[in-house]
Amino acid sequence: MQVQSPPNTQPSGPKLIDQLTVPGGLPSECSRRAKTQIDLLLLAIEALDLGGAEAMLASAKELGLDEVVRGRVNLWLLRSSNPLRRFSQRQPMSLEEGKALVLITCFLARRLTVLIRQLLLGYQQLSDQNLSFDHHFRLSDYLARFRSHFRARMNAKRSGVIAYSTDEKLNELAIELLTKLLFCTGTDGAERLWISLFDGEVS
Amino acid sequence: MTIRRQYQLPNCSIILDGLSIDPSPGSENVMSLLVNAECRISGLERSLNGGYNFFAALVRAVSQYGQEVLSGFAHPQVVEGEPLLVHINPGDGPYHHLVVQPEIADLGDASDGRAIDIKLSAVQLFDLTEAVDQFFDEKQTLPELEPSLTPLGRRFVRSDEPLSDRAVPAVLGIGGLVAATLAFGLLPMPEVRDPALETRETIESVEVADADTDRAGATPPTGETPELEDSESAVEVSEPESNAFVTDSELTDSELSDSELSDGELSDGDADESSDELAGSDAESPNEANSDAEAEGDELAVAAAGATEFDEEPFLNSSLQFSDIRLLNGQLKQTIVENRDQPRFGDAISYRVRLSEEGNILGYQPADRAAGSAVDETPLPELVDADAESDNIMDYRVVFTERGVVEVSPWFGWSYYE
C-alpha cells in the first residue's frame with residue numbers, strides 16, 4: 001500500500017482538560033480563594049491517603065496532564081501558591097494549571113470514594129450520639145493527620161490560619177473538606193468544583 | 001409510549017414516569033412529558049411524589065445547593081420572581097434540610113398542610129445530588145431541564161466577616177492618624193538655628209554670650225566691684241557685673257576659640273596674652289587679688305545652681321613639666337571618653353577645662369554659646385570635682401568634634417611648652 005501523506009499525528013481525542021468549561025467573565029487566573037481551596041483539598045487527600053503526594057504525580061501522568069503539571073517541583077510550586085502557606089510563592093496560577101489540579105483532585109477523590117463515605121457516615125453517627133471522634137479509629141486518624149499537615153505547612157501568622165488555631169476548628173475544616181471531596185466524586189464533580197472556585201469572582 | 005427512568009444510588013433513588021410525545025425517528029425514546037416523579041430517600045418511610053413543577057424545582061434546588069456546599073456561598077435556588085417551592089438549608093452538624101411546600105408534592109397520605117422538612121445527612125444529600133446529575137447527563141429525559149452551573153456573581157457574595165469586623169481596621173487606622181496628629185500638635189515648635197547668624201552673634205557680642213552661659217558665674221574678677229563683696233547671696237547681682245566686665249583678653253579668647261586658627265597663630269596670640277598676664281601678676285594679678293571673693297562666689301555657685309562653670313581667665317602654668325602636661329592631657333581625654341554615654345555628633349563644641357595637678361577637674365567653661373547649651377550632652381558636668389582644690393592648676397582645651405571624637409590639648413597649645 002502506498003502512503004500518500006505522513007501519518008496523522010492526531011492528538012488522541014479531545015483533551016480532558018478542555019472538558020471543563022470557562023464561563024464568560026472569568027478572571028484570567030485563579031483567585032486567592034481558588035488557590036487556597038485546591039491546596040486544602042489536596043491536603044485532605046494527603047491526610048486520607050499516605051501516598052497521596054505520589055499519587056498526585058502519578059495521576060497527572062495518567063490523566064495526560066504532565067504538560068501542565070511538570071513533575072514534583074512544579075506541583076509543589078503550584079500548591080505553594082496558596083497564600084496561607086508558610087512558604088507561599090506569591091505566583092499566579094493560570095486557568096490551565098487550576099483545571100489540571102481540579103481534575104487530579106477529583107480523580108483521587110473518586111478513588112477514595114468508599115473511605116470518604118465511611119468517614120462521613122462515621123462522623124454523622126458520632127455526632128448523633130454526641131461522642132468524641134476518638135471512637136472512630138479511622139476518622140480520628142484522618143483528623144489527626146490533617147491537623148498535623150495543616151500546622152506543619154501553613155503560616156500560623158496569617159489571619160486566615162489563626163482562625164484555625166484550635167483542634168476543634170481544624171476538625172471542622174477537615175470534615176468540611178471531606179464533604180467537598182465527596183461532592184468531587186460525583187458524575188459532574190470536576191465541573192462542579194471548577195465552577196465553585198469562581199463563586200463571587202465574576203461580575 | 002410510557003417511559004420509566006430510574007436513577008439509583010445507595011441512599012436515594014429518583015424514579016421518573018413519563019411519555020414520549022414526539023414520534024419522529026431518533027426521538028421516540030426521549031421522555032418529553034413527565035407524569036410522575038418519585039424521590040425515595042433512605043430512612044424515609046414514604047417517598048416524595050410530585051409532578052413536573054416539583055421535579056423541576058427539586059433539581060434546581062439540589063443542583064444549586066451542591067455548589068453552595070463546594071464554595072460555601074449561598075446560591076439562589078429559584079429563578080427570581082418565582083415562589084420558593086423546594087429549597088435546601090444547611091442544618092446543624094452533618095445535616096441539611098430539604099424543605100418542600102405541600103402544594104406541589106406529597107408524602108402519600110401524611111400531608112397535613114405544613115411544609116415537608118426532610119433531614120438529609122451529607123452522604124444522603126450527595127446521593128440526591130448525584131442522582132440529579134445523572135439525570136442531567138442523560139439527554140434522553142426531559143432535555144429542557146439543564147443544570148445551570150455558573151459561578152456566582154459578585155453581588156450575591158457577601159463577605160464572611162460582619163460589617164463591624166471589617167470596619168475595625170479602618171477605624172483603627174483613622175484613629176491612629178488622629179492620635180498622631182494630636183501628638184505632633186503637642187510637640188514644641190523646633191527652633192530654627194542659623195549657624196552663620198549664631199557665630200556672628202557670638203563674635204560681635206561676647207558679653208551677652210558670657211552672661212547667658214555663665215549663669216552661676218559669680219566671680220567678679222577685679223576689685224572694681226565692691227558691692228559684690230558685700231552681697232554673698234545675690235547671683236543675679238553678679239550677672240550684670242560680669243556683663244559689665246569684659247576684659248580684652250576674654251574677647252580675644254572667644255575670638256580665638258571661634259575662629260579656626262592654626263596652632264602656630266594660636267600660640268602667637270597666647271604668647272602675647274600670657275606676657276600681659278605675667279606682667280600683671282607682679283602687680284597683684286586679678287586672679288590673686290580677688291581670691292577671697294572668688295572662693296565665696298564659687299561656693300555660692302555650686303550651692304545655687306549645681307554647676308561648676310567658671311569664668312576665670314585662662315591660667316598659664318609654667319611650673320609643670322612637659323611630660324606631666326602630656327600625662328594630664330591623656331588622663332583627661334581618657335576620663336571624658338570613659339564617662340560619656342555615647343559619642344556626641346553634630347557641630348563641634350569646645351570647652352576650657354581646668355585641671356588640678358592631681359588630674360581632678362576643677363571646672364570648665366564653654367567656649368561659645370553653642371557649647372554652653374550643649375553642655376548636658378557632654379560628661380563634663382558630672383566629672384567636676386567640686387571639693388578638689390589645688391594651687392597648681394592647668395587649663396586644657398577640650399573639643400567634641402562633629403564626628404564624635406574628643407580632642408584634648410593644652411589651652412595655650414603644645415608649642416608653648418615645647
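Please read all numbers here as calculations on a predicted model, not as lab measurements.

Reading the values: the criteria
- Residues numbered from 1 in each chain as written.
- Chains lettered and ligands numbered in written order.
- Predicted model: local features only at pLDDT ≥ 70, side-chain atom pairs only at ≥ 80, totals over all residues.
- Helix = DSSP H or I, 4+ residues; strand = E, 2+ residues; numbered from the N terminus.
- Buried ≥ 20, exposed ≤ 12 C-beta atoms within 10 Å, placed from the backbone.
- Contact = placed C-beta atoms within 7 Å.
- Nonpolar A, V, L, I, M, F, W, Y, C, P; charged D, E, K, R; others polar.
- Axes fitted to C-alpha atoms, helices over the stretch in contact; angles between N-to-C directions.
- Parallel < 35°, antiparallel > 145°, perpendicular 65-115°, else oblique.
- Left-handed = near helix turned anticlockwise from the far one by under 90°.
- Pairing = 2+ DSSP bridges.
- Expected span 1.5 Å × (residues − 1).
- pLDDT = per-residue confidence, 0-100.
- Core = buried A, V, L, I, M, F, W, Y, C linked by C-beta atoms within 7 Å.

A. Main features of the overall build of chain B. Scanning chain B for helices and strands turns up 15 helices and twelve strands. Looking at chain B residue by residue over its 418 residues, the buried ones come to 32%. Expressed as a percentage of contacts within chain B between residues at least 6 apart in sequence, the contacts between residues at least 24 apart total 62%.

B. Structural view of the overall build of chain A. From N to C terminus, chain A includes nine helices and zero strands. The helix and strand sequence of chain A, counted from the amino end, reads α-α-α-α-α-α-α-α-α. Among the 203 residues that make up chain A, the fraction classed as buried is 38%. Of all intrachain contacts in chain A linking residues separated by at least 6 positions in sequence, the fraction that spans at least 24 positions is 73%.

C. Geometry of the interface of chain A and chain B. Across the contact, 25 residues belong to chain A and 24 residues belong to chain B. Counting residues per element, the side of chain A that touches chain B draws most heavily on helix 5 (residues 113–128) of chain A, which supplies six residues. Its residues assigned to classes, the side of chain A that touches chain B shows ten nonpolar, eight polar and seven charged.

D. Summary view of the packing of helix 5 of chain A against helix 8 (residues 167–184) of chain A. Residues and elements named next belong to chain A. Two numbers describe how helix 5 lies on helix 8: the axes approach to 10 Å, and their chain directions differ by 135°. Of the possible angle classes, the one that applies to helix 5 and helix 8 is oblique. Considering only the axes of helix 5 and helix 8, their crossing is left-handed. Contacts between helix 5 and helix 8 involve Ile116, Arg117, Leu119, Leu120 and Tyr123 from the first element and Ile175, Leu178, Thr179, Leu181 and Leu182 from the second.

E. Representation of the sheet that holds strand 8 (residues 116–121) of chain B. Residue and element names in this part refer to chain B. Strand order in the open sheet formed by three strands is 5-6-8, with antiparallel pairing between adjacent strands. A strand with exactly one partner marks an edge of an open sheet, and here the two such strands are strand 5 (86–90) and strand 8. Ignoring which end each strand starts from, the neighbouring axes of this sheet average 25° apart. Sheet topology note: the strand 5/strand 6 (residues 95–100) ladder contains five bridges and is antiparallel. By the bridge assignment, proline 90 is partnered in strand 6 with histidine 96. Of the strands in this sheet, strand 6 and strand 8 touch helix 2 (residues 122–137), which is tilted by about 105° from strand 8.

F. Broad picture of the pairing of strand 11 (residues 393–400) of chain B. All names here are of chain B. Counted residue by residue, strand 11 has six buried out of eight residues, so it is predominantly covered. As paired strands, strand 9 (residues 349–356) and strand 11 are joined by eight bridges and run antiparallel to one another. Looking across to strand 11, one finds that arginine 352 is bridged to arginine 397. As defined by bridge partners, strand 11 adjoins strand 12 (residues 406–410) across five bridges and the pair is classed as antiparallel. Its bridge partner being in strand 12, tyrosine 396 is matched across the sheet by proline 410. Between strand 11 and strand 12, which pair antiparallel and follow one another directly, the connecting turn spans five residues, one of which, glycine 404, has a positive phi of 90°.

G. Structural detail: helix 1 (residues 32–48) of chain A. If you check helix 1 of chain A, its first and last C-alpha atoms are 25 Å apart, about what 17 residues at 1.5 Å a residue would give, namely 24 Å. Counting buried positions over the 17 residues of helix 1 of chain A gives 14, a clear majority of the element.

H. Representation of the sheet that holds strand 11 of chain B within the structure. Residue and element names in this part refer to chain B. Here four strands make up an open sheet; going across it, the order is 10-9-11-12 and the pairing antiparallel. Every other strand in the sheet has two partners, leaving strand 10 (361–366) and strand 12 as the edge strands with one partner each. The sheet shows a mean angle of 25° between the axes of neighbouring strands, taken without regard to direction. As judged from the five bridges shared by strand 9 and strand 10, these two strands associate in the antiparallel manner. Each residue of the ladder has a partner; that of arginine 352, found in strand 10, is glutamine 365. Taken strand by strand, helix 12 (residues 322–339) contacts strand 9, strand 11 and strand 12, and its axis lies near 155° from that of strand 12.

I. Just the confidence of the model for chain A, in detail. Confidence in the prediction for chain A averages 87 pLDDT; 93% of positions are at 70 or higher. Highest mean pLDDT in chain A belongs to helix 6 (residues 137–153) of chain A (94); lowest belongs to helix 7 (residues 159–162) of chain A (85).

J. View of helix 2 of chain B. Relative to the 22 Å expected for 16 residues at 1.5 Å per residue, helix 2 of chain B spans 22 Å between its end C-alpha atoms, a close match to the ideal helical length. Counting buried residues along helix 2 of chain B, 13 of its 16 residues qualify, which places the element largely inside the surrounding structure.

K. Region of the structure containing the nonpolar core. Counting 94 residues, the largest nonpolar core has A:Ala44, A:Ile104, A:Phe146, A:Ala174, A:Leu178, A:Leu181 and B:Leu58 as its most contacted members. Excluding residues that lie within four positions of it along the chain, B:Leu58 makes contacts with B:Cys39 and B:Val86. Residues B:Leu332, B:Ala371, B:Val384 and B:Tyr396 belong to the second largest nonpolar core, which totals 23 residues.

L. The environment of A:Leu103, seen in detail. All names here are of chain A. Examined against the element boundaries, leucine 103 turns out to sit in helix 4 (residues 95–111). Taking C-alpha positions, leucine 103 is 8.2 Å from leucine 63, a pair spaced 40 residues apart along the chain. Discounting residues that sit within four places of it in the chain, leucine 103 has contacts with Leu16, Ile17, Leu63, Leu65 and Ala190.

M. Fine view of the confidence of the model for chain B. Residues and elements named next belong to chain B. Here chain B averages 73 in pLDDT, while 69% of its residues score no lower than 70. Element-level pLDDT for chain B is lowest in helix 11 (residues 291–305), with a mean of 41, against a maximum mean of 92 in helix 2. Under a pLDDT of 50 for its full length, residues 211–307 has, in the predicted model, 115 contacts with residues more than four places off or in other chains. This prediction of the complex comes with two scores: 0.58 for pTM and 0.88 for ipTM.

N. Representation of unusual backbone geometry. Residue and element names in this part refer to chain A. One non-glycine residue with positive phi stands out, namely asparagine 130, at about 55°. As for its placement among the helices and strands, asparagine 130 is situated in the loop between helix 5 and helix 6. With 6 C-beta atoms counted inside 10 Å, the residue asparagine 130 sits in the exposed group.

O. Examining the environment of A:Lys99 more closely. Residues and elements named next belong to chain A. With respect to the secondary-structure elements, lysine 99 resides in helix 4. Using a count of 22 C-beta atoms within 10 Å as the deciding quantity, one classes lysine 99 as buried. Considering only alpha carbons, one finds lysine 99 and glutamate 191, 92 residues apart in sequence, at a separation of 9.4 Å. With sequence-adjacent residues up to four places away left out, lysine 99 is seen in contact with Ile17, Leu20 and Trp194.

P. Representation of the environment of B:Gln134 within the structure. Relative to the elements of secondary structure, B:Gln134 occurs in helix 2. The spacing of B:Gln134 and B:Gln6 is 128 residues in sequence and 9.9 Å in space, taken between C-alpha atoms.

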